Amino acid sequence: MAEVLFFLAGIGAIAGAIGVVVVRNPFYSVLALVSHLVSLAALFLLLRAEFVAVAQVVVYAGAVMVLYVFVVAYVGGQDEPLGARPGRGLRVVAALFGAALFVELCIATLGSGLQAIGSEGAPVQPGYGSPAQIGELLLTRFLLPFEIASFLLLIAAVGAVVLARRRGGISAAEDQARYSAMDVLRPAYTGTMAEAVDGRSGNVRREALPVSGASAEYRGPDADEDD
Amino acid sequence: MSSVELFAWLTLLLPLAGTIVVALAGRRLSGRGAGYVATGAMTLSFASAVGALLALQGLHHEERQVRAVAWDYASTVGIDAQISLLVDPLSVFMILVVAGVSTLIHLYSIAYLDSDRGYVRFFAFLNFFVFSMLLLVLAGNFLLLIVGWAFVGAASYMLISFWYRRTTATNAGIKAFVINVIGDVGLVLGTFFIVRHTGSLDFLETFEGIKSDFSPNDADLVAGCVLLLVGAFAKSAQVPLHTWLPDAMEGPTPVSALIHAATMVTAGVYLIARMHPLFELAPTAADVGAVIGCLTLLIAGTIAIAVTDLKRVIAYSTMSQIGYMIMAVSAGAYAAGLFHLMTHAFFKALLFMAAGSVIAAMAGQQNLDRMGGFKRSLPFTYGCMVIGGLALAGIPPFSGFFSKDEILLLIGDRGGWYWILYVAGYVGAFLTGIYTFRMIFRAFWGDSVPEALELEEGHMHHPDVHSNPANGEIEDTEVGFPGPEHHIAEREPAMKIAMGTLALLAIVGGLLQIPKVTHVIDHFLEPTFAESALYERDPSDGLISFGLILGTIVGLAGIAIAYVVWVRKPGMAARVRARLRPLHGLFANKWYFDELIGVLVVRPAQWFGSFAQQTFERVFVNGVLVGGATGLVRVGSSAVRAAQTGFLRYYAAMLVVGMVGLTMYFLLLS
Amino acid sequence: MDIGWYLAVSALIFTIGAAGVLTRRSPLVVLLCLELMLNAGNLALIAFARMHGNADGQIFAIVVMVVAACEVTVGLGLIVAMHRRKLPIDVDELRELQG
C-alpha cells in the first residue's frame, strides 16, 4: 500500500515540477507548483513527518502560493517567447548539466555506501514527527534558530514593504507618470551603469530604455494576452 | 696643532671663506668691492703659505713631512679615510706657486672684468677654484686628492662657460668637463688598483709599505700607474686627451691665465711627482708618461706655428711646456720638472695677461690676422709680452732657460733610449722660439691696424655691435655675455702691478737653480724625494755646458727665423704655406685629433645612444616589456571580464556548472 | 519504501528546478523554480531524518520553509517594484550590472 501511495505522490510531484518549468503562462506555473507542493506533502506523510506535511500545505501552498497568485495577477503574466537570446547555447548547457547534476546527485546519495538507505529507516518512537515533538524540539534544542527564523520573517516583511511602496503617496505616482522634455532630449542609457562602464550613451540597441518618469510602456515582443 | 698645520689649514680655508663671503654678500658691495674681498682672501692665503714655508723650514730635516689630521671621515673594513693634509716640501712648493700666482691673477681680474655683469659670480668661482686646487695639492690621502681633483674639474667647467649665453663657451665647457671626467675615472680606478694591495688610503703609509706590497713592475702596479697617468693626461691636456684645452680659451683671459697655464694643468705633473715611489717601482708606466710627454710637446709645438688665434697659440704653448714637465717627472727629474712648473707659471700667466690686454684693445677680437702694430700704442703690454716670450723661448738669463735646460740635462743624463727624448726636447725648444715670436711679431710689429691707430690717438676702439669673435653671432652685454667695457694694462694700475710682478719673477726666477751654482729647489724638495733612486744626480760638466750652449743657440735660432719670416720678408709666410700645403693643413687642423675623436668616440656613442632610444627603449622596453606586461594583464582581464555578461541566467548556469564540477571532483576523490 | 527512492525523487526535482532557473526568462517563473529546488532539499532532509530516526531534520525543513517564504516575499516585492517603474519583467533585459 505504501508503495502505491509513494509512486502516486512521486509521479505527482515530478509532474508538477515539470509543469512549472515547461508551461508558458506563469499563472499556470503557479498552479503546477501548488499541485507539486501537495504531492510533496503526501510524500512527507509517508515519511512520518506529519507536522511538516500539514505545515507545507497550510503555510506553503496556502499562504506563499496565494501571495504568488496575487503578484502574478498584478504584474500580469505574459506568455514568454520561445528561443530568444541567449537561447540555444544556454538550453544545451541547461540540459547537459542538468542531466549531469542528476546523475551526480544520485551517485552521491545512493552510491555513498550508507547502509541505512537500503532500509526503511530506523525504528521510531510513536511520537515521531508529531506536533508535540516538533514543538518541544523547537523550544528546547533549537530555540535560537527558531528565534532567528522569526526575526528573519520580520525583516523580510519590512523589506517587502520598503521595496514595493509608492514613494510620496498617490499623487506622486501620478506626477511620476508625466513626461518631461529631458526624457526626449537626453540620450538613452544616461545615468545607467552602461554609461558608467562603457561610456555608452545614446547608443540604442533597442528602443530607448526609459527610467523612472517615462510613461512608455514596455510591450514584450509578443503582447498577446491570450493563454 | 703645530704652526705648520695651522698655516696649512689657513691657506686652504681662506679661499673657501672668500668664496662664501663673496657669493653671499658680493652684491651688497659696490663696484669692485667683491674683487677686493676675493683678492684680500687670496693675499691672506698666500701669506699663510709663506708662513707654512717658514714653519716647515724651521723643522728638522727628517721631520719635514707633517700630517695634519682634522678628523676621521670613515674607518671601516679596509678603508681608513681621514680628512688630513700632508704638509711637506712638495705641497708647500705647490701652494706657494698656486696661491702666489692666483693672488696676482685676482688682482689683474679686479680691473680686467670690471664692467662684466657677472663680476661677483666670477670672483666666487675663482676663489672656489683656488680652494679646490689647494685641496688637491695639500691632500694627505687618496680620498681628498680625488675630491680636490673633481672640484677642480667642476670649477674649470664653471669658469670656462662663464659667459654662459655663448654656445661656443658652453660647448667648450662641456667638452672640458667630459674629458676631465675620463681622467677622473682613470684616477679612481688607478687608486683602486693600488689601494687593493696596500690597504691604506694615506699617502705616507702607502709609500712606506710600497716595496713590500709590490714587486717591481708588478702587473697591478703598472695598471694602476697607467690609470693614474690617464688622469694626469686628461687634467694636463696631453695627447690624446688634450682637445679640450684650446677650446677652453672661450673663458675670460684671467681664467686662461690661472687655470690653463699655472695651476689646473699642472695638477697632472704634481700627481706624478707625488706618486713617484709608485712610478719608480713601475718603470714601464713611467716610460709611458715620458713618451707621451715628448709626443705632446712636439705635436703642440707644430700646431702652435699654424694657428691664428692669439690665445690658442699660447694654449698650445702651454700644452707643449706641460709635455716637458711630464717628461721630466716621469724620467725622475722631479726637481727640474717642478722648477719648470714654477717658472712656467710665471711667464705663461704673464703672457696670458698681456694677451688679454691686446684683446681688450681689439675690443674682444682674438684673431692674429687682424692684429698688428700695437708696439707703439701698448708699450707696457709689449714689454711684458717680450719678457714672457724670451722666458718661454729659453733665452738666458730668463727663468725659462734654466728650468728647461735642467730638464733636458737630466733626461740626457739618464742615457739609453732617453736620448731620443733629449733630441726631441731641443727640437721642441726650436719650435717654441718660432711660434712665440711669430705671435709677438705679428701682433706688435708691422703696420698698425685701425684699432691700434685709434689707440695711438688716445681712445680705445669701441664696436657698435657686440659679437662673438669666434662665430660672429650678435650678442648684448647683459649677464652671460662679456661686458661692454674693455680694459688695457696701460690704463689700469691693478693690471700693471700684477703684470709687473710676474715679469720680475720671470726674469729673476731662474736664479734659484743655476746648474752647479745654486741648488735652492733641489735642497728644498729633498725631504719629499728622499727615498727616490733617481733624485740625486750628478751629470757631467761636459753635458751641462753642451746643454746650456745648445739651448741658447736653439732658442735664438727660433727667434731669428721668426724675425726673418714675419718681419723681414712679409710674403714669405704665405709662400711657405702654399708650398707645404698638406703639412700646413695638418698643423692648422690640430693634427685632426678632434675629427679622430669624433669618429672613434663621439660617433659610436651617438649611434649607441640613438640605438638605445630607438630600438632598445622604444621597441624592447616600451613595446615588449611594458607593453607586454600591460597587454597580458589587459588580455587576461578581458578574458575574465567576459564572464560578467549581466545575464542572470548565465550566472546561474555558471553556478550549476561549477557545482557539477565540484561534485564530480569530490565523488572521484572518494 | 527504501529511503533511497525518496532521495532519487529529491535529486530529480532539484535538477528540474535547476534546469528551469537556467531556461526561463520571466523572473516570476525563475523564483518558482527556486522554490522547487528548495522543496527538493526539504524532501531530502525529511528522508534523512526518517533514516536516522531523529526529528532534527524536520526542524531544519521547517526553517527552510521559513527562509523560502522570506525569499519569496522579497523577490516578489522586487518584481512589483520593477513593474511599478515600468521596467521589462525579463531577466535577459535587466543586465546593466555587467563588466
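Reference entry: report on the structure contained in this document. Think of each chain on its own: its residues are numbered from 1, step by step along the sequence as written. Key to labels: chains lettered from A, ligands numbered from 1, both in the order written. In keeping with the predicted nature of the model, local features appear solely for residues at pLDDT of at least 70, side-chain atom pairs appear and are counted solely at 80 or more, and the whole-chain, interface and lining totals rest on all residues. Excluded from the side-chain calculations are hydrogens and water; all other atoms, namely the structure's heavy atoms, are used.

## Thoughts on the interface of chain A and chain B
The contact rule is simple, with two residues in contact once any of their heavy atoms fall within 4.5 Å. Across the boundary between the two partners, chain A contributes 10 residues, which contact 9 residues of chain B. In this description, buried area is defined as the sum, over both parts, of the accessible area (probe of 1.4 Å) that is lost when the two are combined. For the pairing of chain A and chain B, the buried interface totals around 940 Å² over both sides, and the portion due to carbon and sulfur atoms is 81%. A per-residue breakdown of the area chain A buries against chain B is headed by Leu90(A), Phe97(A) and Glu104(A), which together make up 52% of the total. When a carboxyl oxygen of Asp or Glu lies within 4 Å of a side-chain nitrogen of Lys or Arg, that pair is called a salt bridge. Put simply, chain A and chain B have 0 salt bridges between them.

## Re the pattern of salt bridges
On inspection of all chains with the given rule, the structure shows 15 salt bridges over all chains. When the shortest N-O distance is used, the salt bridge between Glu492(B) and Arg32(B) registers 3.2 Å. In this pair, Glu492(B) is assigned in the loop between helix H20 (450–457) and helix H21 (493–508) and Arg32(B) in the loop between helix H1 (3–25) and helix H2 (33–57), connecting sequence segments 460 residues apart. In this structure, Arg649(B) engages Asp92(C) in a salt bridge whose closest nitrogen and oxygen atoms are separated by 2.6 Å. With Arg649(B) in helix H27 (residues 648–669) and Asp92(C) in the segment after helix H3 (56–84), the pair connects residues from two separate chains. Exposure categories follow from relative accessible area, calculated using a 1.4 Å probe and restricted to protein chains: below 20% of the type maximum is buried, above 50% is exposed, and the middle band is partly exposed. Judged by its relative accessible area of 5%, Arg649(B) falls in the buried class. Bridged by salt links that share partners, the residues Lys175(B), Asp247(B), Lys590(B) and Asp594(B) form one connected network. Helix numbers and strand numbers start at the N terminus; a helix is a DSSP run of H or I with at least 4 residues, a strand a run of E with at least 2.

## Considerations on the packing of helix H1 (residues 2–22) of chain A against helix H2 (residues 27–52) of chain C
Running from N to C, H1(A) and H2(C) point in directions that differ by 160 degrees, and their axes come no closer than 9 Å. With respect to each other, H1(A) and H2(C) are oriented roughly antiparallel. The interaxial crossing formed by H1(A) with H2(C) has left-handed handedness. The segment H1(A) lies against H2(C), with Ala17(A), Val20(A) and Val21(A) engaging Val29(C), Leu32(C), Cys33(C) and Leu36(C). Helix axes use the C-alpha atoms of the stretch in contact, all axes being lines fitted to C-alpha atoms, and the angles between their N-to-C directions lie in the range 0 to 180 degrees. Under this scheme an angle from 65 to 115 degrees is roughly perpendicular, one under 35 degrees roughly parallel, and one over 145 degrees roughly antiparallel; angles in between are oblique. We call a crossing left-handed when the near helix sits turned anticlockwise from the far one by less than a right angle, and right-handed when that turn is clockwise.

## Section: the nonpolar core
The nonpolar core is taken to be a set of buried Ala, Val, Leu, Ile, Met, Phe, Trp, Tyr and Cys residues, with the residues joined through side-chain atoms within 4.5 Å. Judged by nonpolar contacts, the single largest core of 194 residues is most densely connected at Phe129(B), Leu145(B), Met275(B), Phe374(B) and Leu525(B). It is helix H16 (residues 334–361) of chain B that provides the largest number of residues to this core, a total of 20 residues. When residues no more than four places from it in sequence are discounted, the contact partners of Leu145(B) are Leu136(B), Ala139(B), Leu187(B), Phe203(B), Tyr270(B), Leu271(B) and Met275(B). If you look at the next biggest cluster of nonpolar residues, it comprises 80 residues, including Leu37(A), Met65(A), Leu28(C) and Ala40(C).

## A look at the side chain of Asp309(B)
All names here are of chain B. Inspection of the secondary structure puts Asp309 in the loop between helix H14 (283–306) and helix H15 (310–331). A relative accessible area of 16% means that Asp309 is categorised as buried. Polar contact criterion, stated in full: a pair of N or O atoms within 3.5 Å, where within protein one must be able to donate a hydrogen and the other to accept it, and residues adjacent in sequence count only if both atoms are side-chain atoms. Of the polar contacts made by the side chain of Asp309, one reaches the backbone nitrogen of Lys311; its length is 3.0 Å.

## Things to note about the packing of aromatic side chains
Geometrically, a pair of aromatic rings is defined through the distance of the ring centres and the angle of the planes. Side-chain rings of Phe, Tyr and Trp (the six-membered ring for Trp) are treated as a pair once their centres are within 6.5 Å; stacked means planes under 30 degrees apart, edge-to-face means over 60, and tilted covers the remaining angles. Using the criterion set out here, one finds 31 aromatic pairs over all chains in the structure. Between Phe6(A) and Trp5(C), the ring centres sit 6.4 Å apart and the planes meet at 75 degrees, which makes this aromatic pair edge-to-face. Within this pair, whereas Phe6(A) is found in helix H1, its partner Trp5(C) is found in helix H1 (residues 3–23), the two belonging to separate chains. A centroid spacing of 5.3 Å and a plane angle of 35 degrees characterise the contact between Phe616(B) and Phe620(B), whose relative ring orientation is tilted. Placement of the pair is Phe616(B) and Phe620(B) together in helix H26 (residues 593–641), with a separation of 4 residues, close to one helical turn. Among the aromatic side chains, those forming a connected cluster through ring pairs are Tyr119(B), Phe122(B), Phe123(B), Phe162(B) and Trp163(B).

## Some points on H1(B)
Each helix should span, by expectation, one fewer than its residue count multiplied by 1.5 Å. Under the 1.5 Å per step criterion, the end-to-end length of H1(B) is 31 Å for 23 residues, consistent within 8% with the ideal 33 Å. Elements in contact with the buried residues of H1(B): H2, strand E1 (66–76), strand E2 (79–87), helix H3 (89–112) and helix H4 (119–138) of chain B.

## Description of H3(C)
Its 29 residues place the ends of H3(C) 42 Å apart at the C-alpha level, agreeing with the 42 Å of an ideal helix rising 1.5 Å per residue. Residue Lys86(C) follows H3(C) closely and has a positive phi angle near 60 degrees.

## Things to note about the interface of chain C and chain A
Tallying the contact residues gives 75 residues for chain C and 93 residues for chain A. Put simply, chain C and chain A have 1 salt bridge between them. When the shortest N-O distance is used, the salt bridge between Asp56(C) and Arg141(A) registers 3.2 Å. At the junction of chain C and chain A, the tally comes to 12 residue pairs in polar contact (both at pLDDT 80 or more). Listed by contribution, the elements that provide at least two residues to the side of chain C that touches chain A are H1, H2 and H3 of chain C. The dominant element in the side of chain C that touches chain A, judged by the number of residues it contributes, is H3(C), at 22 residues. In the side of chain C that touches chain A, the residues fall into 46 nonpolar, 15 polar and 14 charged. In the scheme used here, Gly and all other residues not listed as nonpolar or charged are polar, with Ala, Val, Leu, Ile, Met, Phe, Trp, Tyr, Cys and Pro taken as nonpolar and Asp, Glu, Lys and Arg as charged.

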